[in-house]
Amino acid sequence: MNNTHFLRLMSAFMFLTVSTLNAQIADSLFETEKEAIRRVVAKETEDYYRQDFEAWKSNFVQADYFRQHGYWEGYPEKVKYYNGFDTLQQVKASQFEENRTIWKGSYEKRQNENFRIFEDVAWYTSEQESFDGTTHQFLGKSVEIRILEKHDGKWKIAYLGFHYLPLNEKG
């Protein structure tokens, strides 16, 4: 074997080794980001049901471009939407202050998760089932989407969408 052939083999080996390591690092980073996104989604829900206004709002991009769109049969108007975080923040501050949050103490199970994660933007979809924290009674199922942005290294919700299915259509 001459030196040229040996160098080519070593170069190919190094390329494959580096490629494999890069793929492993990328997979590890993807899993780390998925967990960070799951945590902020869960934290927002928990803070909401605890009616902890400051903790709840810390999960969001607090900007004019924030959006929330939601459907639930329990709303008199069926659909609620907020354009800009200020509009949502005003409603939730009043709701928490007046102790009008329903399903307090509930817990959620999320499945059929889907992630698309980029450097500073991600989207996450899932199906969510909610249960009473004491009786474990099924409360509702929703299909959900979150669009998140990274601010100062932390994921924040820039768009929150949910559509609760009618109770007779659990799945």
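A brief report on the enclosed structure follows. What you see is a predicted model, and the numbers here were worked out from it, not measured in a lab.

Our next topic: the pattern of salt bridges. Counted by the stated rule, this structure contains 11 salt bridges. We note a salt bridge from Lys34 to Glu31, for which the minimum N-O separation is 3.4 Å. Taken together, the positions of Lys34 and Glu31, both in helix H1 (residues 3-50) and three residues apart, correspond to about one turn of that helix. Taking relative accessible area as the criterion, Glu31 reaches 41% and is therefore assigned partly exposed. In this structure, Arg146 and Glu144 form a salt bridge, with 2.7 Å as the shortest nitrogen-oxygen distance. Taken as a pair, Arg146 and Glu144 share a single burial class, namely buried. Shared partners join several salt bridges into a network, and the residues in it are Lys43, Asp47, Arg50 and Asp52.

Before going further, it helps to examine a nonpolar patch on the surface. Taken together, the side chains of Phe118, Val121, Trp123 and Ile147 make up a nonpolar region of the molecular surface, amounting to roughly 340 Å² of accessible area. Mapped onto the fold, Ile147 is located in strand E5 (residues 138-151).

In this section: the packing of aromatic side chains. Summed over all chains, the structure comprises 17 aromatic pairs. Between Phe53 and Phe96, the ring centres sit 6.3 Å apart and the planes meet at 75°, which makes this aromatic pair edge-to-face. Of this pair, Phe53 sits in helix H2 (residues 53-57) while Phe96 sits in helix H3 (residues 85-97); the two residues are 43 residues apart in sequence, bridging distant segments of the chain. For the pair Phe53 and Phe96, one class covers both residues: buried. Ring centres of Trp56 and Phe60 lie 4.9 Å apart, and the angle between their planes is 55°; this geometry places the pair in the tilted category. Linked through ring pairs, Tyr48, Tyr49, Phe53, Trp56, Phe60, Phe66, Phe85 and Phe96 together constitute an aromatic cluster. The lysine or arginine in question, Lys109, covers the ring of Phe131, its NZ or CZ lying 5.2 Å from the ring centre.

Ranked by size, the top nonpolar core spans 27 residues in total, and within it Ile37, Trp56, Phe60, Leu148 and Trp155 carry the most contacts. Looking at this core, the elements that each hand over two or more residues are H1, H2, H3, strand E3 (107-117), strand E4 (121-131), E5 and strand E6 (154-164). Looking at this core element by element, the count peaks at six residues for H1.

What follows deals with the sheet that holds E6. If you walk across this open sheet you meet the six strands as E2-E1-E6-E5-E4-E3, and the pairing is mixed. Here the strands that pair on one side only, and so sit at the sheet edges, are strand E2 (79-83) and E3. Neighbour-to-neighbour, the strand axes of the sheet open up by a mean angle of 20°, direction not taken into account.

The subject of this paragraph is H3. The terminal C-alpha atoms of H3 lie 18 Å apart, and with 13 residues this matches the ideal 18 Å at 1.5 Å per residue to within 8%. Looking one or two residues beyond H3, the residue adopting positive phi is Asn99, at roughly 55°.

Mapping Tyr65 onto the fold places it in the loop between H2 and strand E1 (67-71). When its relative accessible area of 42% is taken as the criterion, Tyr65 is described as partly exposed. Between the C-alpha atom of Tyr65 and that of Tyr159, which follows or precedes it by 94 residues, the distance is 8.7 Å. Once residues lying within four places of it in the same chain are set aside, the contact partners of Tyr65 are Glu149, His151 and Ala158. A distance of 2.6 Å separates the side chain of Tyr65 from the side chain of Glu149, its partner in a polar contact.

Definitions and cut-offs
Residues numbered from 1 in each chain as written. Predicted model: local features only at pLDDT ≥ 70, side-chain atom pairs only at ≥ 80, totals over all residues. Heavy atoms only, no water. Salt bridge = Lys/Arg side-chain N within 4 Å of Asp/Glu carboxyl O. Helix = DSSP H or I, 4+ residues; strand = E, 2+ residues; numbered from the N terminus. Buried < 20%, exposed > 50% of the residue type's maximum accessible area, 1.4 Å probe, protein only. Patch = residues over 30% accessible without salt bridge, like charges linked within 9 Å, V, L, I, M, F, W, Y side chains within 5 Å. Areas by Shrake-Rupley, 256 points an atom, 1.4 Å probe, with all protein chains shown as cover. Phe/Tyr/Trp six-rings, centres within 6.5 Å; stacked < 30°, edge-to-face > 60°. Lys NZ or Arg CZ within 6 Å of the ring centre and 35° of its normal. Core = buried A, V, L, I, M, F, W, Y, C linked by side-chain atoms within 4.5 Å. Pairing = 2+ DSSP bridges. Axes fitted to C-alpha atoms, helices over the stretch in contact; angles between N-to-C directions. Expected span 1.5 Å × (residues − 1). Contact = heavy atoms within 4.5 Å. Polar contact = N/O pair within 3.5 Å; in protein donor to acceptor, adjacent residues only side chain to side chain.

Geometric descriptors of this kind do not, in isolation, establish any biological role.
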